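Fold and contact review
Residue strings, one per chain:
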Amino acid sequence: MNRRHIRLTFIIALVASLAVIGYGAATAERTGDPSDVPEAPPTDNVTVATESARYGTIMAWNPDGSRLYYNDTYTKYYDVDPVEGTEYTVEYAATKTIHTEGATCSSPPCAKNIIERANLSTGETEVIYERYDATETASEWHDHERVNETHILIADMVEDQVLMVNTETDIIEWGWDAQGEFPIKGGGPFPRDWAHLNDVDLLEDGRIMASLRNQDSVVFIDPQEGLQEDWTLGTDGNHSILYEQHNPDYIPEERGGPAVVVADSENGRLVEYQREDGTWNKSWEWYDSRMQWPRDADRLPNGNTLATDTHGSRLLEIAPNGSVVWSVGLAHPYDVERLGTGEDSAGGHSAASLGLESKTGGSSAEAGGGGGGGGGIVDWVSDLLPNFSNLLEMFLPHRIVNGILYVSPIWMGKTQYWAVTMILVVVLAWPATELRWRFPDVSVRSPLYRDGGGDTAVAANGAGEQLPDDGTAEDDSDDSEPDDGDGTATETDAEADSGEESTDTESETGDADSEEGESGKDSSSDDSERDATEADDTDQ
């Protein structure tokens, strides 16, 4: 392959990579406008989903898959739950970021945390409870739980507490403090984001289950007695059990439990643990090659598992045999609920009682997928490529890879990451190739090498001094020159004691008793070779 063909290859690779990136930007899932929300495959009931960051939205689909509801009033939306006794009403936790200094924010950005109720059919909303917090980072309320008509539980990330609030009086009537139960030296950075308390559930037996993300633990709390340590699922730092999980759902004994199905986020999987003889044992696990940072998993009454895959940009429903039977492409989903299936869509039975099949790895043919646009040759190529994030995880921790995905543009998919990699290769390889052609005689070698016929180390420093084994020059040694790479040698002194200096630049012969001299390099021959090289480069 001549130089012209190599340059053409670089150009084709660069143009093709840019085209793939442009395709991704044009076809990526977006929900910044109601018209961008894709229709969903038909289901038995209304499906509701939220998005945090990127696009802060709450949206819903009718059973026939048509769009029912859309709201992006706030910056971020988190957990959403159906309101008991209603058909279309839900409550959710949301955060509004405040960017301007004022009476409610002395040092922007700040957060306004809101618990709000919405009627999906009429669009009417009602604020149930709200609070201003002095900072936005790690201060959002990710979840709340309705206790009765006047009281709610809140997972307060700012104070690392579970709070029971009277929404009529705004009085906090009960609280549990994680800092009193877990060592401060563990978890996340204290006090900024130590526990990252991201979920709270009121169980049928009166206990409270909470998720401490940064302690890799799901805890059970007796409102009167406090933490039930022997029930804790997971251990801080033991990532083989849980790793910064989200949205655990409890399955009671009457439905095959006690069991907990949870989005094991940093492990990139959905997992269920069954409690047997006082210990938690893994009973089910699911992930495919696309799954990246799931943040919700609910067992439905029909035995399917409804989940969100945040960095996989999809909602998905998984059948008992492990196949994906329903999916919708969304930019950055957080929570999903299927109305009419119980609180937190958790009306189903345990994996152990259903005999669910685990799936670990491989691709999933997603039946009836909505959104996700595209198709065609780019998606065909994408199926052939290995998962880019999996390769990154060979060199970087999973959470670092998730951080890269989190800050990347929303249109960056697997194919686009490979296209960016190709562009970097071209940007580095093309100039390096051109330099190699321009300077063909330039080479790199060690500053020290060993003379082929002896034990003397030679310095390639231009002076041509022979060095002893310790690397230092001896004052009384003969001067000699190393081979300059073209088979000739530079001029040396014939005899150290004679004081005579040779002026013959072609060759020099010493006395038989003296050391053999080395021939000088013919400069005219060197000039001719250089001219020939430059002429060849011009022709190519």
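The structure displayed is predicted, hence computed values, not measured ones.

Turning our eyes to something else, we now look at a negative patch on the surface. On the surface, Glu159, Asp177, Glu181, Glu229 and Asp230 cluster together into a negatively charged patch. Taking relative accessible area as the criterion, Asp230 reaches 54% and is therefore assigned exposed.

Below, the discussion takes up helix H6 (residues 414–438). Under the 1.5 Å per step criterion, the end-to-end length of H6 is 37 Å for 25 residues, consistent within 8% with the ideal 36 Å. Considered for burial, the residues of H6 that qualify are Thr415, Gln416, Tyr417, Ala419, Ile423, Val426 and Trp437.

In this section: the sheet that holds strand S4 (residues 76–82). Across the sheet, 4 strands lie side by side as S4-S5-S6-S7; this open sheet has antiparallel pairing. If you trace the sheet from one side to the other, it starts and ends with S4 and strand S7 (125–133), each paired once. With direction set aside, neighbouring strand axes in the sheet form an average angle of 15°. Bridge count for S4 against strand S5 (residues 89–98) is 5 bridges, and the pairing is antiparallel. Across the sheet, the residue bridging to Lys76 is Thr95, located in S5.

Tallying each qualifying case throughout the model produces 10 aromatic pairs. With centroids separated by 5.8 Å and ring planes inclined at 45°, the aromatic side chains of Tyr74 and Tyr77 adopt a geometry described as tilted. A single burial state applies to Tyr74 and to Tyr77, both of which are buried. Seen from their ring centres, Phe190 and Trp194 are 6.3 Å apart, and the 90° between their planes marks the pair as edge-to-face.

The next point concerns the nonpolar core. Counting residues in each nonpolar core, the largest one holds 17 residues, and the members touching the most others are Val162, Trp176, Leu212 and Val219. Taken together, the elements giving at least two residues each to this core come down to strand S9 (151–156), strand S11 (171–177), strand S12 (197–202), strand S13 (208–212) and strand S14 (217–222). The biggest single contributor to this core is S13, with 3 residues. Residues in contact with Val162, not counting those within four places in the same chain, are Leu153, Ile154, Trp174, Gly175, Trp176, Leu197, Val200, Ile208 and Ala210.

By the definition in use, this model includes 18 salt bridges. We note a salt bridge from Glu91 to Arg146, for which the minimum N-O separation is 2.8 Å. One end of the pair, Glu91, is in strand S5; the other, Arg146, is in strand S8 (residues 144–146), with 55 residues separating them in the sequence. Through salt bridges with shared partners, a single network forms among Asp264, Arg269, Lys282 and Glu285.

Judged by side-chain polarity, Met394, Phe395, Leu396, Ile400 and Ile404 come together as a nonpolar surface patch covering roughly 510 Å² of accessible area. Position of Ile400 among the secondary structure elements: in helix H5 (residues 398–407).

Once that is clear, we can look at the sheet that holds strand S25 (residues 359–360). The 5 strands lie next to each other as S16-S17-S18-S19-S25, forming an open sheet whose pairing is mixed. What marks the edges here is a single partner per strand, and that holds for strand S16 (246–251) and S25.

Okay, the environment of Thr310 next. Looking at the element boundaries, Thr310 is found in the loop between strand S21 (305–309) and strand S22 (314–318). For Thr310, a relative accessible area of 1% gives the class buried. Each residue touching Thr310, except ones within four places of it in the same chain, is listed here: Gln292, Trp293, Pro294, Arg295, Ala331, His332 and Pro333. Here Arg295 takes part through its side chain, which lies 3.0 Å from a polar atom of the side chain of Thr310.

The tally for this structure, following the rule as stated, stands at 1 disulfide. Paired through a disulfide, Cys105 and Cys110 show a sulfur-sulfur distance of 2.0 Å. Because the sign of the S-S torsion sets the handedness, a value of about 75° for the bond joining Cys105 and Cys110 places this disulfide among the right-handed ones. Each member of the pair, Cys105 as well as Cys110, is classed as buried.

Okay, unusual backbone geometry next. Of the consecutive residues Pro108 and Pro109, the connecting peptide bond is found in the cis state with omega at 0°. As for its position among the elements, Pro109 is in the loop between S5 and strand S6 (110–119). Residue Pro191 is bonded to the preceding Phe190 through a cis peptide linkage, with omega at 5°. Residue placement: Pro191 occurs in the loop between S11 and S12.

Mean pLDDT for the protein: 82, with 76% of residues reaching 70 or above. Between residues 372–378, whose pLDDT stays under 50, and residues either more than four places distant or in other chains, the model counts 9 contacts.

On to the pairing of S5. In terms of burial, S5 is largely enclosed, as 9 of its 10 residues are buried. Hairpin remark: S4 followed by S5, antiparallel, with 6 residues in the connecting loop; positive phi at Gly85, about 85°. Of the pairings in the sheet, the one linking S5 to S6 comprises 10 bridges and is antiparallel in character. Opposite Ala93, over in S6, you have Ile115 as the bridge partner.

Rules and cut-offs
- In this convention, every chain numbers its residues from 1, walking through the sequence in written order.
- Predicted model: local features are reported for residues with pLDDT of at least 70 only, side-chain atom pairs are reported and counted for 80 or more only, and whole-chain, interface and lining totals are derived from all residues.
- Excluding hydrogens and water, the side-chain figures rest on all heavy atoms present in the structure.
- Patch construction takes residues with relative accessible area above 30% that form no salt bridge. Like charges are linked within 9 Å, and nonpolar side chains (Val, Leu, Ile, Met, Phe, Trp, Tyr) are linked within 5 Å.
- A 1.4 Å probe and the Shrake-Rupley method give the accessible areas. Residues count as covered only by the protein chains that appear here.
- Note on definitions: salt bridges are taken to be side-chain nitrogens of Lys or Arg within 4 Å of carboxyl oxygens of Asp or Glu.
- Here the positive residues are Lys and Arg and the negative ones are Asp and Glu; neither His nor the chain ends is included.
- Throughout, a charge is located at the NZ atom of Lys, the CZ atom of Arg, the CG atom of Asp or the CD atom of Glu.
- The cut-offs for exposure are 20% and 50% of the maximum accessible area for each residue type, with area from a 1.4 Å probe on protein chains only; residues under the lower value are buried, those over the upper are exposed, and the others partly exposed.
- Secondary structure elements follow DSSP: runs of H or I no shorter than four residues count as helices, runs of E no shorter than two count as strands, and numbering proceeds from the N terminus.
- To estimate how far a helix should extend, the number of its residues minus one is multiplied by 1.5 Å.
- We call two strands paired when DSSP finds no fewer than two bridges between them.
- For helices, the fitted line uses only the C-alpha atoms of the stretch in contact; every axis is such a line through C-alpha atoms, and the angle between N-to-C directions lies from 0 to 180 degrees.
- Here a Phe, Tyr or Trp ring, Trp counted by its six-membered ring, pairs with any other such ring whose centre lies within 6.5 Å, and the pair is stacked when the planes are under 30 degrees apart, edge-to-face when over 60, and tilted otherwise.
- To define a nonpolar core, start from buried Ala, Val, Leu, Ile, Met, Phe, Trp, Tyr and Cys residues and group those joined through side-chain atoms within 4.5 Å.
- It only takes one pair of heavy atoms within 4.5 Å for two residues to be counted as in contact.
- Pairing of N or O atoms within 3.5 Å defines a polar contact, subject to two protein rules: one partner must be a possible hydrogen donor and the other a possible acceptor, and residues neighboring in sequence count only if both atoms are side-chain atoms.
- Two cysteine sulfurs form a disulfide in these notes if their separation is within 2.5 Å.
- Summary of the metric used: pLDDT quantifies the predictor's per-residue confidence within the range 0 to 100.

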